[in-house]
Each structure stands twice: as structure tokens, then as C-alpha cells.
Amino acid sequence: MEKYDAIIIGGGPAGYTAGIYLARAARNVLLFEGVPGGQAGTTDLIENYPGFPEGISGADLMEKFKHQAVKFGLKIKDGMVDSVEVREGKKIVKVREQEYVADALVIATGADANKLGVPGEEEYRGRGVSYCATCDGAFFKNVPIVVVGGGDSAVKEAVYLTQFGSKVYIVHRRDKLRAEKANQEMAFKNEKIEFVWNSVVEEIIGDKLGVTGVRIRNVKTGETKVIDAEGVFIYVGVTPNTAFLGDLVEKDEKGYIITNENMETNIPGIYAAGDCRKKLLYQVATAVGDAATAAWAAEEYLERLEAGQEV
Ligand code: NAP
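In this text, all values refer to a predicted model and were calculated from it rather than measured experimentally.

### Some points on the nonpolar core
Stage number 1. Residues Ile8, Leu22, Leu61, Phe65 and Val284 are the most contacted members of the largest nonpolar core, which totals 35 residues.
Stage number 2. Among the secondary structure elements, those contributing two or more residues to this core are β1 (2-9), α1 (13-24), β2 (29-32), α2 (58-71), β6 (98-107) and α6 (284-306).
Stage number 3. Ranked by residues supplied to this core, first place goes to α6 with 10 residues.
Stage number 4. Not counting the four nearest positions on each side in its chain, Val284 is found in contact with Pro13, Ala40, Ile46, Tyr49, Leu61 and Phe65.

### Brief notes about the pattern of salt bridges
Stage number 1. The final tally for this structure, using the stated rule, is 18 salt bridges.
Stage number 2. A salt bridge links Arg27 to Asp5; its shortest N-O distance comes to 3.8 Å. Taken together, the residues Arg27 in the loop between α1 and β2 and Asp5 in strand β1 connect sequence positions 22 residues apart.
Stage number 3. Taking the shortest distance from any N to any O, the salt bridge between Lys94 and Glu85 comes out at 3.2 Å.
Stage number 4. Note on Glu85: relative accessible area 28%, which makes it partly exposed.
Stage number 5. One salt-bridge network, held together by shared partners, links Asp5, Arg27, Glu299 and Glu306.

### A word on the domain arrangement of the protein chain
Stage number 1. Domain boundaries in the protein chain define domain 1 (2-112 + 238-306) and domain 2 (115-234).
Stage number 2. Averaged C-alpha coordinates put domain 1 and domain 2 at centres separated by 32 Å.
Stage number 3. Taken together, the contacts link seven residues of domain 1 with eight residues of domain 2.
Stage number 4. Of all residues in domain 1, Thr42, Asp44 and Glu47 give up the largest surface area on contact with domain 2, accounting jointly for 70% of the area buried on that side.
Stage number 5. Linking domain 1 with domain 2 are two residue pairs in polar contact (both at pLDDT 80 or more).
Stage number 6. Here the residues of the side of domain 1 that touches domain 2 sort into two nonpolar, three polar and two charged.

### Quick notes on the packing of α1 against α2
Stage number 1. Running from amino to carboxyl end, α1 crosses α2 at an angle of 20 degrees, the nearest separation of the two axes being 8 Å. Relative to α2, the element α1 lies roughly parallel. Judged by the twist between their axes, the crossing of α1 over α2 is left-handed. Residues Pro13, Tyr16, Thr17, Gly19, Ile20 and Ala23 of α1 pack against Met62, Phe65, Lys66, Gln68 and Ala69 of α2.
Stage number 2. Considering only residue class, the contact of α1 with α2 consists of seven nonpolar, three polar and one charged.

### Some words on the environment of Gly246
Stage number 1. By secondary structure assignment, the location of Gly246 is in the loop between β16 (238-240) and β17 (270-272).
Stage number 2. Using a relative accessible area of 38% as the deciding quantity, one classes Gly246 as partly exposed.
Stage number 3. Distance from Gly246 to Val84, taken between C-alpha atoms, is 8.5 Å for residues 162 residues apart in sequence.

### Description of unusual backbone geometry
Stage number 1. One non-glycine residue, Arg96, adopts positive backbone phi at about 45 degrees.
Stage number 2. The topology assignment puts Arg96 in the loop between β5 (90-95) and β6.

### Focus on the environment of Ile92
Stage number 1. Within the secondary structure, Ile92 is located in strand β5.
Stage number 2. Setting aside residues up to four positions removed in sequence, Ile92 forms contacts with Ser83, Val84, Glu85, Arg87, Glu99, Tyr100 and Val101.

Cut-offs used in this document
Residues numbered from 1 in each chain as written. Predicted model: local features only at pLDDT ≥ 70, side-chain atom pairs only at ≥ 80, totals over all residues. Heavy atoms only, no water. Core = buried A, V, L, I, M, F, W, Y, C linked by side-chain atoms within 4.5 Å. Buried < 20%, exposed > 50% of the residue type's maximum accessible area, 1.4 Å probe, protein only. Helix = DSSP H or I, 4+ residues; strand = E, 2+ residues; numbered from the N terminus. Contact = heavy atoms within 4.5 Å. Salt bridge = Lys/Arg side-chain N within 4 Å of Asp/Glu carboxyl O. Domains from an automatic or database assignment. Buried area = accessible area lost by both parts, 1.4 Å probe. Polar contact = N/O pair within 3.5 Å; in protein donor to acceptor, adjacent residues only side chain to side chain. Nonpolar A, V, L, I, M, F, W, Y, C, P; charged D, E, K, R; others polar. Axes fitted to C-alpha atoms, helices over the stretch in contact; angles between N-to-C directions. Parallel < 35°, antiparallel > 145°, perpendicular 65-115°, else oblique. Left-handed = near helix turned anticlockwise from the far one by under 90°.

Next up, the structure:
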């Protein structure tokens, strides 16, 4: 069984930041990457992470984070963690039948895109239905695109998609956006974007080649209609990737991990950082802050263990 001082689960901004801090503290630390770069890695342009006044692509920013962590000696393995258990205070991380043991654990597994759960969504996934504009946007040049949702992701990615699509419809179930004001403004002033308010998607329709349209229903009038589109990008929120933990740590009703202000969970030596944690603001900047605190607290925990003090 491989042994480490600390194991980090997750290869997004929080995971790499925890890696930078713990590796720089000369700890023997292993990170399981899962989805390299996490959600930030597939964001076209990040404009609110300080230090990059012109903005930076999520992929570039995550590459820099990773490079910095590796420079300080972070070990990285790919693979999704199947489960975690605690035996006599040791944290046992199971990946593909292998067990890895550490004294401290930082959970930075982020969150994944929610599904709409409508007919056609699964059937046309990869053939018009997507959850990642930076990955798939370029497939939809000069054709109409539908974006579903009214949060920051929907609005920002809709603006990004206007460089490809002939037109981008934002279908939102209310008549007010949830996105922050700056992102709203960008969408409102983009002539290629048309808002379809108070409307939900009932079905994604298509033929053997892929998506041809989206059937929507106005929730106020009950009226249904089909919007012709070849691409459908779904941004209806996220769910934290914490199911693999079972009930090992305390979570809220949506699955977000509950921590104290030092990012410590109810289990000593287990910390959570970033989008998998219950908190006010889900951003790269706050993921970085969480992870720096989590790594610092983990380092103090390791020092107390080594000194034979109570943890
Ligand atoms: P979000 O903020 O939770 O927004 C989800 C949107 O989808 C909401 O507008 C919601 O409508 C709608 N929705 C949810 N379920 C739906 C359903 N079944 N059918 C139709 N619409 C549905 O999620 P997000 O945009 O992915 O953002 C996640 C977090 O990351 C947020 O905290 C966000 O601020 C942050 N983020 C920030 C930036 C940035 O540039 N600052 C960029 C991306 C993400 P209602 O509004 O009616 O609830």
C-alpha cells in the first residue's frame, strides 16, 4: 500500500492549490486528478481571477496551476477515487482496487453539470447536446444554437458561442437572470443573442444526423413551440461530486460538504475545498482561498500528529 503524508482528491483549482502549498511545505503528497483542470479547465475565458487583466482561458490557467504544483514536487496520478474510509485515524483512499494511505486528506472534487432530464437529452448527447461550450462550440458554425439556463455559466457560454453560431437563444425558465450583472450586460448587448423568457425545454428533437430543434413551453401561457437549432448547450446548475464519500463526512441536503472556517470536516484530518464545499461563492478565487487554508490546516494537523499531540 502506497503511503503519503497527505492525499488530495481532485485536479481543479482547489486541488492544485492544495498541492502547491503541501508540496512546498516539503510534504510527501499525492493528488488524484480525476478530470484534469476540473470545471475551470473547460471555461473559455476567466476574467475575474486576479492577476490576468485581459482574462485567461481556463485551460491555460489550470496548466499554470499544475505546472507550479509539479515544480514543488506534487505527485499526480490520474483516476477517479472509488471510496474513502478511515481506519485508526489513517485515511484510506481506494482507486481501481488499489489502496493508498495518508494521515491527511483534502477533498477538492468540485461539481458536475446537472442534466435537464428531458427526452432526447441522452439520445443526442455528443450529437448536438453538450455541457461544454469550449469543448464543442466550434462544431456549430453558422447554425442556430440553444443555451438553457440563466446562471453565470449559461450567460457566459452563450456569449462565447456567438462566435460560432448564426444565432444563440438563451432559454430561461424565469424572466430574470441569476448571472452576475457584468455577465448579464455582456449578453444583453450581444446582437446575436435572443432571450426566450419564462420557458422550459420539453424535448430535444432530431434526426439520425443529430439535433434539429428544441421544443419549449412557455410556463406562463402554456404555449409550446419548436426552436430550430443544431446545438443545445445545457447549463442548469451543478451537483457536488461527493457521492463516493458515502456518509463518511457531514454534508448538506444537496451533497455539499460542511466544513468549519479552517476547511476541516467533522472528521479530524479530512478537509474540503472548492466547489464541493458548502459556501457562499463558487469561483476560482474562492477555491484557491479554500485550498490554501485547507492545506495550511492539514499541515498543522500533520505537525500535531508527529509531535504526538492530540488531534
Ligand atoms: P447556477 O448559478 O446554479 O444557475 C443555474 C441556472 O439554471 C439557473 O438560472 C436556474 O434557474 C436554471 N435551472 C436550474 N434547474 C433548471 C431546470 N431543471 N430547468 C431549467 N432551468 C434550470 O449554475 P451555474 O451557472 O452553472 O453556476 C454555478 C456556480 O458557478 C454559480 O455559483 C456561479 O456564480 C459560478 N460561476 C461563476 C462564473 C463567473 O463568471 N463569475 C461563471 C460560471 C459559474 P433559476 O435562476 O430559475 O434558479
